[in-house]
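Residues per chain are reported as follows:
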Amino acid sequence: MDLTEYIRDIPDFPEPGIMFKDITPLLGSPLAFEHALDQLMVPYEGLQVDYVAGIESRGFILAAPLAVRMGAGHVPIRKPGKLPSKVERIDYALEYGTDSLEVHLDAVAPGSTVVIADDVMATGGTAAAAVELMQRLGAEVIGLSVLIELSFLDGRSKINGVEIHSLITY
Ligand code: AMP
């Protein structure tokens, strides 16, 4: 199955100059969605995965079903101010300005193995921040899985020591 047929390009969203990779056609197809989940799991076959952490918000759509399929827990990595209990927070630089991510301090036990999932890796800043956040909790991040990698933005250069698995590369 060619998953690229289920990714829609929306020009100039959310800002002029951005080519938005819209995954809703993939999510709307039970066959394509299931195929994507099957493929995202392949690198972790035979490995102990304690948690699959999703990056708000489209990461949740992938991380939650992956967690259930792998017999792992799901950890939401959220935008600031959304999580009700005590959090670890990371601030990271964007092209213009900064952004932040938070995770519950007690989301994972130290030494747990964690896979991080998101829909798109663009510049890699968000994924790198998520990796560091989980590592600060003492987790061992054993992989970063994304549906789509925009390789021309070289996000990989920001992620050190963690395997990156992408299903579609542009
Ligand atoms: P970055 O930190 O630049 O890798 O941006 C990653 C975050 O922004 C991910 O959570 C994506 O969901 C979103 N994102 C960035 N660029 C795009 C794009 N061209 N299409 C869809 N989502 C994007």
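We now turn to the structure provided with this report. The structure displayed is predicted, hence computed values, not measured ones.

Reading the values: the criteria
Residues numbered from 1 in each chain as written. Predicted model: local features only at pLDDT ≥ 70, side-chain atom pairs only at ≥ 80, totals over all residues. Heavy atoms only, no water. Pairing = 2+ DSSP bridges. Helix = DSSP H or I, 4+ residues; strand = E, 2+ residues; numbered from the N terminus. Axes fitted to C-alpha atoms, helices over the stretch in contact; angles between N-to-C directions. Contact = heavy atoms within 4.5 Å. 1 Å grid on protein atoms, 1.4 Å probe; cavity = no way out; pocket = protein on both sides within 12 Å on 5 of 7 lines; lining within 4 Å. Points joined across faces, edges and corners; volume = space filled by probe spheres on them. Nonpolar A, V, L, I, M, F, W, Y, C, P; charged D, E, K, R; others polar. Core = buried A, V, L, I, M, F, W, Y, C linked by side-chain atoms within 4.5 Å. Buried < 20%, exposed > 50% of the residue type's maximum accessible area, 1.4 Å probe, protein only.

A word on the sheet that holds strand 3 (residues 51–55)
Within the open sheet, the 5 strands sit side by side as 4-3-7-8-9. Their pairing is parallel. Strands with a single pairing partner mark the edges of an open sheet, and in this sheet they are strand 4 (73–77) and strand 9 (164–169). Between one strand axis and the next, the sheet turns by 20° as a mean value, whatever way the strands run. Sheet strands touched by helix 2 (residues 30–41): strand 8 (140–149) and strand 9. Its angle to strand 8, the strand with the most contacts, is close to 145°. Running at roughly 165° to strand 7 (residues 113–121), helix 4 (residues 125–136) makes contact with strand 3, strand 4, strand 7 and strand 8 of the sheet.

Things to note about the layout of surface pockets
Space inside the largest pocket adds up to approximately 1,300 Å³. Pro14, Ile18, Ala122, Thr123 and Thr126 are the residues nearest the centre of the largest pocket, which is lined by 36 residues in total. Listing elements by their share of the lining of the largest pocket, those giving two or more residues are strand 2 (19–22), helix 3 (58–70), strand 5 (87–93), strand 6 (98–104), strand 7 and helix 4. If one sorts the elements of the lining of the largest pocket by residue count, strand 7 sits on top with 4 residues. Looking at the lining of the largest pocket residue by residue, the classes come out as 19 nonpolar, 7 polar and 10 charged.

Structural notes on the nonpolar core
Looking at soluble globular proteins, one finds that nonpolar side chains tend to be buried together. Within the largest apolar cluster, 26 residues are counted, with the highest numbers of intra-cluster contacts made by Ile77, Leu101, Ile116, Met134 and Leu144. At the level of elements, strand 3, strand 4, strand 5, strand 6, strand 7, helix 4 and strand 8 are the ones that each hand at least two residues to this core. Of the residues forming this core, the biggest block, 6 residues, is contributed by helix 4. Every residue in contact with Leu144, bar those within four places of it in the chain, is listed here: Tyr44, Ile116, Met121, Ala127, Ile159, Val162, Glu163, Ile164 and His165. Counting residues in hydrophobic clusters, the runner-up holds 25 residues, among them Ile7, Ile142, Leu147 and Ile168.

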